[in-house]
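So the chains spell out like this:
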Amino acid sequence: MFHSLLVDQPDPIIVTMQKYHADSRPHKLDLGVGVYKDASGHTPIMKVIKSAEKALWEQETTKSYTSLVGDSAFNTAIQKLVLGDLASFDGRLASAATAGGTGAVRAAFELVHLASPDATIWVSNPSWSNHASMLDYLNIPNQHYRFFDPSTGTVDMDGMMADLRYAKAGDVVLLHGCCHNPTGLSLSPKQWDDIIELMKTQNLVPMVDIAYQGFGDGLDEDAYGVRRIASSLPEVLIASSCSKNFGIYRERTGCVIVVSPDQKQTNLVQSKLSLVNRVNYSFPPDHGARLVTMVLNDPELKVQWQNELGEIRQGIQSLRRMLSDELQRQTNSDRFKFIAEHRGMFSMLGLSQEQVSRLSDEFAIYAVSDSRINMAGLNEASVPLLANAVAKII
Ligand SMILES: Cc1ncc(COP(=O)(O)O)c(C=O)c1O
């Protein structure tokens, strides 16, 4: 039977990783894969996570199943982290722990499909490639809206609004909460407001994928958009990931949250989220969720976490400024000024595929084929090397 299977298009990020690993040049530089790295190129475990793990080892008395939607303390802790004050959401929040942010996105997509099979999900162009892959895999109608203006490195607001005017009532608009992957753009308060107005007028349902909360301007600052949406519209889908901001990538920790207009609909949604987990993997992973809950519910650990996350954020920001300045110096132009304005780990340099290939062939510098680079893959020594390579190929 398997002979009928078709070969998949390889994921561009995985292709970059494979090429990097096959390169034997000692000075090679990996700016492809989307994980945080410190100045020595290592992805460290946060100290606060180590402390929580130690305490958990001492306290944990059973590894029996949790509930189908995970531990309720985890769900509440993430609801607070993402939405802030929960007072106005009484009886309106359903949620489930999931296998990473990917699991949360997938659960939200499946919920939309169960509730409204004809709804189209509108995805930014570009976006995290797995959004479209999952939608196609699930046979969910999907369309792109313009989002990025490569000539300025900014949001193409006019294009976005024009494209979304074609969305029909009940369609879902997928937005990145902050630090858009792959462009590095965070929407401004005014841009959020304009999008909210459009969604209200056209009766569209927002879905916010927030995978980098705390990597942009701060935990609350990065949640501005999702909180504003949740306080302005009756129905919202949210996918939150703990992979990056707690550095627990392989623990697979995420949470899907759904805001509904009333308790009755919340109960319906809650039961469907249980079903979606049940048919996919029964019980969600618990280890990472438990660590996150311990950190968020212990005032001392929480401060320690905020400090560690703050250092990561400031480190990335400082690399952004360094690279932007160095590119300005080496190219003698303002073309890459946007890098300092972007947020989170990624920026797209606006290079052609051929130029990206030259970066790897001639300089052993690996970026994704759409010219996305992971800022955290750089350090003080490699910033001038990248700037020099870019200056030579443009
Ligand atoms: C926009 C976006 N959403 C979701 C995810 C999924 O993250 P996780 O590793 O928690 O599944 C990612 C990870 O790269 C992402 O960039």
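Since the model is a prediction, treat every value here as computed from it, not as a measurement.

> What is the right way to look at the pairing of strand β2 (residues 93–98) in this model?
On a regular strand, one side chain projects to one face of the sheet and the next to the other, so that they alternate. Counted residue by residue, β2 has 6 buried out of 6 residues, so it is predominantly covered. Relative to strand β10 (residues 254–259), β2 runs antiparallel, the two sharing 6 bridges. Bridged to Ala97 within β10 is Cys255.

> What's the story with the environment of Phe89 in this structure? I'm lost.
Structurally, the position occupied by Phe89 is in the loop between α3 (72–83) and β2. Along the primary structure Phe89 and Ala230 are separated by 141 residues, whereas in three dimensions their C-alpha atoms are 9.0 Å apart.

> How should I be thinking about the layout of surface pockets in this particular structure?
If a probe as big as a water molecule is rolled over the atoms, it shows which places are left empty. What the largest pocket holds in volume is close to 630 Å³. Looking at the lining of the largest pocket, the elements with two or more residues in it are α1 (12–22), α4 (100–115) and α5 (129–137). When residues of the lining of the largest pocket are assigned to domains, at least three map to each of domain 1 (9–45 + 302–389) and domain 2 (65–297). The calculated volume of the second largest pocket comes to roughly 440 Å³. Looking at the second largest pocket, it is lined by 20 residues, and the ones nearest its centre are Leu111, Val112, Ala115, Glu235 and Val269. Contributions of two or more residues to the lining of the second largest pocket are made by α4, β9 (236–241), β10 and α10 (263–281). Looking at the lining of the second largest pocket residue by residue, the class counts come to 14 nonpolar, 4 polar and 2 charged.

> Help me understand the pattern of salt bridges in this model?
For side chains bearing opposite charge, pairing can occur when the charged atoms are close. In this structure the tally under the stated criterion is 15 salt bridges. Between Lys200 and Glu197 there is a salt bridge; the shortest N-O distance is 3.9 Å. Linking Lys200 with Glu197, this pair stays in helix α7 (residues 189–202), spanning 3 residues, or about one helical turn. Residue Glu197 is classed as partly exposed on the basis of its relative accessible area, which comes to 44%. The partner of Arg358 in a salt bridge is Glu362, and the shortest N-O contact between them spans 2.7 Å. A residue pair is termed a helical-turn pair when its members lie 3 or 4 positions apart in one helix, as Arg358 and Glu362 do in helix α14 (residues 353–363) at 4 residues. Taking the relative accessible area as the measure of exposure, Arg358 reaches 29% and is therefore partly exposed. For Glu362, a relative accessible area of 44% translates into the label partly exposed.

> Which parts of the structure should I look at to understand empty space enclosed by the protein?
The full count for this structure, using the stated rule, is 1 cavity of 30 Å³ or more. The computed volume of the largest cavity comes to approximately 40 Å³. Around the largest cavity sit Tyr145, Phe147, Leu175, His176, His180, Leu185, Ser186 and Leu187, which together line it.

Calculation notes
Residues numbered from 1 in each chain as written. Predicted model: local features only at pLDDT ≥ 70, side-chain atom pairs only at ≥ 80, totals over all residues. Heavy atoms only, no water. Buried < 20%, exposed > 50% of the residue type's maximum accessible area, 1.4 Å probe, protein only. Helix = DSSP H or I, 4+ residues; strand = E, 2+ residues; numbered from the N terminus. Pairing = 2+ DSSP bridges. 1 Å grid on protein atoms, 1.4 Å probe; cavity = no way out; pocket = protein on both sides within 12 Å on 5 of 7 lines; lining within 4 Å. Points joined across faces, edges and corners; volume = space filled by probe spheres on them. Domains from an automatic or database assignment. Nonpolar A, V, L, I, M, F, W, Y, C, P; charged D, E, K, R; others polar. Salt bridge = Lys/Arg side-chain N within 4 Å of Asp/Glu carboxyl O.

These values are about where atoms sit, not about what they do.
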